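Chain and residue survey
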Amino acid sequence: MSSLAKKFTASEAVLRIERTSLRVQQPASSGDMVSLAMGEPDFDTPPRIVQAAADALKNGFTHYAPLLGDKLLCEALAEEVSAQSGYPVKPGEVLVTHGGTAGLAAAILSMVNPGDRVVIPDPTYSLYADLVNMAGGICVPMPCKADLHWDLELLDHCLEGAKLFVFCNPGNPTGIVHTREEIETLGRLVNQHDTLVIADEAYSDLVFNGKPFTSVLQVPAFRGRTLFCQTFSKGYAMTGWRVGYLAGPADMIAAAARVHNSVNGSVNTAVQRAAVVALKECKDDVKRMYDVYRERRILMMEGLQAIPGLKLNEPEGAFYCFPSYSLPIPAIDMVALLREQGIAVRPGSEFGAAGEGHLRLSYAASKEAIAEGVKRLKRGLASLG
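Residues numbered from 1 in each chain as written. Predicted model: local features only at pLDDT ≥ 70, side-chain atom pairs only at ≥ 80, totals over all residues. Heavy atoms only, no water.

**So, the nonpolar core**
Residues Trp-150, Phe-165, Phe-167, Leu-186, Phe-232, Tyr-236 and Val-243 are the most contacted members of the largest nonpolar core, which totals 51 residues. Among the elements that line this core, the one with the most residues is helix α9 (residues 269-281), at seven residues. Beyond its immediate stretch of four places on either side in the chain, Phe-232 contacts Leu-73, Leu-77, Ala-237, Met-238, Val-243, Gly-244, Tyr-245, Ala-275, Ala-278 and Leu-279. (Core = buried A, V, L, I, M, F, W, Y, C linked by side-chain atoms within 4.5 Å. Buried < 20%, exposed > 50% of the residue type's maximum accessible area, 1.4 Å probe, protein only. Helix = DSSP H or I, 4+ residues; strand = E, 2+ residues; numbered from the N terminus. Contact = heavy atoms within 4.5 Å.)

This is the structure we're talking about:
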């Protein structure tokens, strides 16, 4: 390269993310490290799904798919969304995406203009804020209550003048599952404030509180203003396959599709055929993994509750525990100190200012790893106290 070449400067969109992002790239765990930091299932993808992809490749599904998605998968997804909502899903109301991540990106970048106010719970999945900042929007964090559920009066206040509200249910990192009252109140408030909604329900197959899960699809108040974001990654253990979808009003889907098609293009065809099989034939595999998560959840909860100086709100869904600790050490430093004890977790501050003083631990790990990891966490905290 010529020495006279102008020094490269990233775009302002990239710089906005770098200035504001809370996302942490931890060193890879190695050697004797026990990791409870993962955000993905440790199960292999069910064999029927793998075989479906192999069969699709052998049968010539190696060409571009339609930009909105393979017809068979779009039809199957329309049936799924219709069954949950009770409303027929028309052509053009579903978009197959490169995982939930690309779905969220397409949704946020298709809605948010520079200067738009976007409300996000605090703490929550850190990708939301990065995407809002990429779009030039203004993030409005909404601190949650001590039990990690929403403060509904504060929600009403924060939505004043907001273009968009983005949330996940069940919650990452909190493990909270929002009640029907919370979801119905949100529906009333977004209509009152004329606010759009992105509902990320990636963990909806993993609810452990014994109560029926309330999806935005089941609440009529969200119709016409909401993009529903879902993925095959968590429930079907398909993180590496990168397939998810958006569902919502045709004009909102068309806008999101414009972004998705410009940046990503269509999802690979064989994977979409495998996703059809997942959706139609693998509910028993989802249940099998669910039963294992339920046992691991209890194991981790009991272990954490026995550690002095930790306080745990009972996780109701997803596969995370989000305990607070009493030591006056920033979460990012606490995580570094715990790595020296051979245990990898994620700092609560990665998920928002209200996450400071917390750790996120995942029980998407073996029972042996959970037991040993909790043991090392207890030892590490005791050594710092």
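**Focus: the sheet that holds strand β10 (residues 320-321)**
Taken together, the three strands give an open sheet; going across it, the order is β10-β14-β13, and neighbouring strands pair in antiparallel fashion. Two strands lie at the open edges of the sheet, namely β10 and β13 (346-347), each paired on one side alone. Both β13 and strand β14 (residues 359-362) contribute to a ladder of two bridges, which runs antiparallel. When the sheet's bridge partners are listed, Pro-347 is paired in β14 with Leu-359. (Pairing = 2+ DSSP bridges.)

**What to know about helix α10 (residues 283-305)**
Between the first and last C-alpha of α10 there are 32 Å, a value that for 23 residues agrees with the 33 Å anticipated at 1.5 Å per step. Restricting attention to buried positions, one finds in α10 the residues Asp-285, Val-286, Met-289, Tyr-290, Tyr-293, Arg-296, Arg-297, Met-300, Met-301, Gly-303 and Leu-304. Residues of α10 that are buried sit in contact with α2 (47-58), β9 (310-311), β10, β14 and α12 (367-384). (Expected span 1.5 Å × (residues − 1).)

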